[in-house]
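# Observations on the three-dimensional arrangement
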Amino acid sequence: MESQKPSIQSLVNVIKKEILPNMGSRSFLSPSPYDTAWEELVDKNQCYPLLSYLEALPPTYKISHDTILKHLDSDGSLFQSPSATSSAYLATGNEECLAYLQSLASNCASNGVPSLYIVDEELTKLSMVYQLVRLGLTEYFDQEKDEILAQIYRASSLMLPDEHQLEKARTFSKKFLEKIVFGGMRDESIISSSHCRMIEHELGLPWMARLDHLEHRMWLEEKDACVLWMGKFSSHRSSLVHNQDIVQLAVQNFVLRQSVYRMELDVVKGWSEKTGLSKMGFGREKTVYSYFAVASSVSLPYNSDVRVMVAKSAIIITVADDFFDMEGSLEDLEKLTDAVRRWDGEGLRGHAKTLFEALDDIVADFRVKCFKQLGKDIKKNLQHIWGETFHSWLMEAKWSRSGGAPETPEYLDVGIMSIAAHILVLPSSCLVSPTTPLHHLWSNPYQPITKLLMVITRLLNDIQSYSKEEKQGKLNFVLLYLKENPEANIEDSIKFVQLLLDQLKKEFLQHVLNRLCDLPEPSRRLHLGCLKVFHMFFNSSNRYDSDTDMLHDIQKALVVPPQVPKLKPLRPLPEQPESKPRVLVTKSLSGKFGLKCFPRKSFIGYRMSYQTGSVNRWEEMYKSSSFKLYFA
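The text that follows walks through the structure, step by step, so that each part is easy to find. Here the structure is a predicted model, which means the values were calculated and not measured.

### A word on a negative patch on the surface
Together, Glu-407, Glu-410, Asp-413 and Glu-484 give the surface a local cluster of negative charge. Looking at the element boundaries, Glu-484 is found in helix α21 (residues 477–484). On the basis of relative accessibility, which here comes to 40%, the residue Glu-484 falls in the partly exposed class.

Structure representation (structure tokens):
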């Protein structure tokens, strides 16, 4: 692990010095309407040289006029590319290039296709940030990321309450993507198999159910994932985010995280065995599941203490919940609940004693770590939060064994405590936000974002567990709603809960994205990570209770290195055999084939990355604006 650190740091330095400062729009250009319409007329088996991307080459590529003119085709085009030919004409003023462009425009309906389109330079910067985020590299570029995002309003794809237009757009785009993937609209010349897999991923797994660490791996392993837009001729443009240094950094960072995660998992497994929680002989043994979920959920570089402590808490929650559900007698459960309330394990025996001692150990560990960072003792906070959770488990056990059925509001009051999501985020918030006052992190009553998390996670669990819990005689919100609404069937009850969940998740995201919230960003991200874990476990089934469903994901997250496809470089300029040179005539842009041939209304501003006399004349004629227009 240590040997990888210098290599990672050197790659970070290269990217900061050579890539980010030179980031510009021309390295991210998408295909022009001309190129898109012209694709079908071009041999798709050709491999085009770098000069065919003349309009997208950065200023560092010094290409002479003679080189451009030597590679013109007989019809005046540069590799049959309208965008490259346009750039060739601007650079050389060659009238054969212009004749080709005029012929192309005259053959298009509706007065031709606009040869220029708007590119917002801030979008290219945001695109780079997006690439760094989805490859899991933002921890190395915090300053650069913040500088970029400070200039950009991040239009989120996450729907908030009352965003009806976005709801319509989502419905439309979903139907269209489904037609592409499943309805026979696939065209390999336009949409590659890799892009189809990405579309299937977007449609098949909700964003809220995705774990960041596994998402980073998926983007690394998709051969087209590091390319922002499809380029001309159904191949892909070279771009800064295709840079091998970034890919190499992402791979090494992922492998480094895997090694750290495996060491931390060994620590958690050792603690689980030492306390006896992994050897209880009943219920679910979820030590590996718990740590995997915590480590993979969020990409922020939280320290080892946070991951380990949250994983230990999740293990205690699972074992204690099973003990109250299936193992302990009502007398044992009452004694254990009272012991936690008093925080005194005297007189406990067997499993109850094991649970209390493990709980006392983790609370003591949390107290020490938080005191070092906050300078405050959170003993009472920890004992209170665990005490109310054990009390909720006892209430549910009494309901189940007595056959009683509370009304849904009373059930939720208890159920949002027994799901124990607040135990996973509140103590750990003290570690990730040590400078924030304790009463902001851990208020009474709980902050709205915490209460929403508790309700949503309870409903997510209930909507996937109602069948099992009905057989066990346990209460469940889906079943209670069905009982209170005799005219409804089980499908109606599920639909009601799903609609309720959709609304609650939108409200939750409002709090996550609201910087005016009392909770600092690291704590809000912890809340989001916790919800994503629950959503992952209960998205389409109860994966947490399965002994095999998660094994493949665990291997990919913690053990198996990513398999990254090699990127193919563009073919260099071809060597031309010596032949009799053609006589090429170059005229001024103000001559016979001048700007009058193009509709002036289609131009807003212009800027070229390389300077020529022709370009200088254009810049004098057209004013610049906040948007830049580029040939493509």
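### Thoughts on the packing of aromatic side chains
Applying the stated rule across the entire model yields 13 aromatic pairs. Plain terms: the ring middles of Trp-343 and Phe-356 are 5.6 Å apart, the flat faces sit at 55° to each other, and that makes the pair tilted. Of this pair, Trp-343 sits in the loop between α14 (330–342) and α15 (350–374) while Phe-356 sits in helix α15, and the two are 13 residues apart along the sequence. Each residue in the set Phe-282, Phe-323, Phe-324, Trp-386, Phe-390 and Trp-393 is aromatic and connected to the rest through ring pairs, giving one cluster. Lying over the aromatic face of Tyr-289, Lys-286 brings its terminal NZ or CZ to 4.0 Å of the ring centre. Here Lys-286 stacks its cationic end above the ring of Tyr-544, 5.7 Å away from the centre of that ring.

### Side note on unusual backbone geometry
In this structure, Trp-343 takes a positive phi of about 55° despite not being glycine. Under the relative-accessibility criterion, Trp-343 is labelled buried at 14%. One non-glycine residue, Ala-420, adopts positive backbone phi at about 65°. Counting through the fold element by element, Ala-420 comes out in the loop between α17 (408–418) and α18 (421–432). With a relative accessible area of 0%, Ala-420 lands in the buried category.

### Section: the side chain of Glu-215
When you line up the elements, Glu-215 lands in helix α10 (residues 212–221). The exposure class of Glu-215 is buried, given its relative accessible area of 14%. Each residue touching Glu-215, except ones within four places of it in the same chain, is listed here: Arg-134, His-201 and Arg-210.

### What to know about the nonpolar core
Membership of the largest hydrophobic core comes to 110 residues, with the highest contact counts inside it found for Leu-336, Leu-359, Trp-386, Phe-390, Trp-442, Phe-508 and Phe-537. Ranked by residue count, the leading element in this core is helix α13 (residues 304–327), at 13 residues. If we ignore the near neighbours within four places in the chain, the residues touching Phe-508 are Ile-449, Leu-452, Leu-453, Ile-456, His-527, Leu-528 and Leu-531. In this structure, Met-198, Trp-219, Phe-254 and Leu-256 belong to the second largest nonpolar core, which totals 18 residues.

### A look at the packing of α21 against helix α22 (residues 490–513)
Between α21 and α22, whose axes approach to 9 Å, the crossing angle comes to 120°. With respect to α22, the element α21 is oriented oblique. Regarding α21 and α22, the two cross each other, and that crossing is right-handed. Facing Phe-477, Val-478, Tyr-481 and Leu-482 of α21, the residues of α22 in contact are Ile-490, Asp-492, Ser-493, Ile-494, Phe-496 and Val-497. Here the contact of α21 with α22 is composed, by residue class, of eight nonpolar, one polar and one charged.

Conventions used here
- Note that residues are indexed from 1 along each chain, following the sequence as it is written.
- Where local features are concerned, this predicted model is filtered to residues with pLDDT of at least 70; where side-chain atom pairs are given and counted, the filter is 80 or more; whole-chain, interface and lining totals use all residues.
- Only hydrogens and water are set aside when side-chain values are computed; all heavy atoms of the structure are taken into account.
- Without a salt bridge and with relative accessible area above 30%, a residue can belong to a patch; like charges are then joined within 9 Å and nonpolar side chains (Val, Leu, Ile, Met, Phe, Trp, Tyr) within 5 Å.
- Note on areas: these come from Shrake-Rupley sampling with a 1.4 Å probe, and a residue is covered only by the protein chains present in the view.
- A carboxyl oxygen of Asp or Glu within 4 Å of a side-chain nitrogen of Lys or Arg is what we treat as a salt bridge.
- Working convention for charge: Lys and Arg count positive, Asp and Glu count negative, and His plus the chain ends are omitted.
- By convention, the charge on Lys lies at NZ, on Arg at CZ, on Asp at CG and on Glu at CD.
- Put simply, DSSP marks the helices as runs of H or I at least four residues long and the strands as runs of E at least two long, and each gets a number from the N terminus on.
- Three labels apply to residues, based on accessible area from a 1.4 Å probe with only protein chains included: buried if under 20% of the type maximum, exposed if over 50%, partly exposed otherwise in between.
- Note on ring pairs: Phe, Tyr and Trp rings are taken, using the six-membered ring of Trp, and paired if centres are within 6.5 Å. Classes follow the plane angle, with under 30 degrees stacked, over 60 edge-to-face and the rest tilted.
- When the NZ atom of lysine or the CZ atom of arginine is within 6 Å of a ring's centre and also within 35 degrees of its normal, the charge is said to sit over that ring.
- Whether two residues are in contact is decided by their heavy atoms, any of which lying within 4.5 Å being enough.
- Note on terminology: a nonpolar core comprises buried Ala, Val, Leu, Ile, Met, Phe, Trp, Tyr and Cys residues joined through side-chain atoms within 4.5 Å.
- All axes are obtained by fitting lines to C-alpha atoms, using only the stretch in contact for helices, and the reported angles, taken between N-to-C directions, cover 0 to 180 degrees.
- Note that the term roughly parallel is reserved for angles under 35 degrees, roughly antiparallel for angles over 145, roughly perpendicular for angles of 65 to 115, and oblique for everything else.
- By convention, the crossing between two helices is left-handed when the near helix turns anticlockwise from the far helix through less than a right angle, and right-handed when the turn is clockwise.
- Under this grouping Gly is polar, as are all residues other than the nonpolar Ala, Val, Leu, Ile, Met, Phe, Trp, Tyr, Cys and Pro and the charged Asp, Glu, Lys and Arg.

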